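If you want the building blocks of each chain, they are given just below.
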Amino acid sequence: MTASERLDARLTALGHPPTTTYPDLHAFGYEANMEDYRGDWALFTPLTRRGWCIHFDAEGQFFEPNEHAQLIRAFLTLAGVQALPTVRDTWIKNVGWIMEIEDGPRRVSLHVPETGLDFPSDYCELWLVKALVEEWLSGSHVLIDPNTDDQTAFCCMMPRPIFEALCAEGFIDPDPEEPSPVNPDRMALHVSWVAEEYVERIVRLSAEDADAMLADAPRDWLNI
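Residues numbered from 1 in each chain as written. Predicted model: local features only at pLDDT ≥ 70, side-chain atom pairs only at ≥ 80, totals over all residues. Heavy atoms only, no water.

1. Quick notes on the sheet that holds strand S6 (residues 152–159)
One open sheet holds the three strands; their spatial order is S1-S6-S5, and the pairing between them is antiparallel. Strand pairing shows two members of the sheet lacking a second neighbour, strand S1 (53–57) and strand S5 (141–144), which therefore form its edges. Between one strand and the next, the sheet's axes are offset by a mean angle of 15 degrees, whatever the strand orientation. The pairing of S5 with S6 spans four bridges and is antiparallel. (Pairing = 2+ DSSP bridges. Helix = DSSP H or I, 4+ residues; strand = E, 2+ residues; numbered from the N terminus. Axes fitted to C-alpha atoms, helices over the stretch in contact; angles between N-to-C directions.)

2. Some details on the sheet that holds strand S4 (residues 106–113)
Strand order across the open sheet formed by four strands is S2-S3-S4-S9, with antiparallel pairing between neighbours. Edge strands, defined here as strands with exactly one partner in the open sheet, are strand S2 (86–92) and strand S9 (203–205). Adjacent strand axes in the sheet meet at a mean angle of 20 degrees, parallel and antiparallel pairs treated alike. Looking at chain direction, S4 and S9 are connected through three bridges and run antiparallel.

3. Description of the state of the cysteines
Tallied over the entire structure, the rule returns zero disulfides. Here Cys155 is not disulfide-linked; the sulfur of Cys124 is the nearest cysteine sulfur, at 7.1 Å. A residue is classified by how much of its surface remains accessible, and Cys155, at 0% relative accessible area, is buried. Among the cysteines around Cys167, which has no disulfide bond, Cys156 carries the closest sulfur, lying 12 Å off. (Disulfide = S-S within 2.5 Å. Buried < 20%, exposed > 50% of the residue type's maximum accessible area, 1.4 Å probe, protein only.)

4. Quick notes on the pattern of salt bridges
All told, the structure shown has twelve salt bridges when counted by the stated rule. Its salt-bridge partner being Arg50, residue Asp8 comes within 2.4 Å of it at the nearest N-O pair. With Asp8 in helix H1 (residues 3–13) and Arg50 in the loop between helix H2 (44–48) and S1, this residue pair connects regions lying 42 residues apart in the sequence. Owing to a relative accessible area of 6%, Arg50 belongs among the buried residues under this scheme. (Salt bridge = Lys/Arg side-chain N within 4 Å of Asp/Glu carboxyl O.)

Here you go:
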């Protein structure tokens, strides 16, 4: 039995059999991933069969505001959130990204300072998105993004108890010492020093601080 087959059986035993009903993400510009991966990527397939995943090009489509907000809504949908909260992403020249989720009295606002930049990178700010989504979900899910060896991102919204079980059983290595290529036997979640430095820069804003920053945000920022 291959590692992919063992993972598939283990997920079923843990109460998550394959689904035939995938989340509808079309309103957000995405599709739930249903691809049958083979070879080195074979471990991705059991995750997609649970309706937990999307796979997208992480470069060249995240230049304008609302692209990240749509991605965040897609992740919340994959996590089973039915009534989606308000999601906002705002880029401010020489300040950086502010991304927020709000629902009634609850509001989470995260910011990455980017002083001296007129325009944001055209790569997805996935580490900021991950931090925001995981905080909003209060740890119930883990957003994993194993290495794909290219500019695409394979992302899985996995229930935390399942993630912890798969780490304990050796299907996932959550903290490998060195980066490794995609492997059909074990999913390695290496975090580079670049990612670590980025995450350390993330600031949690109070509602008052977020409002103060956003009050000065240029609306027509593409024409600055």
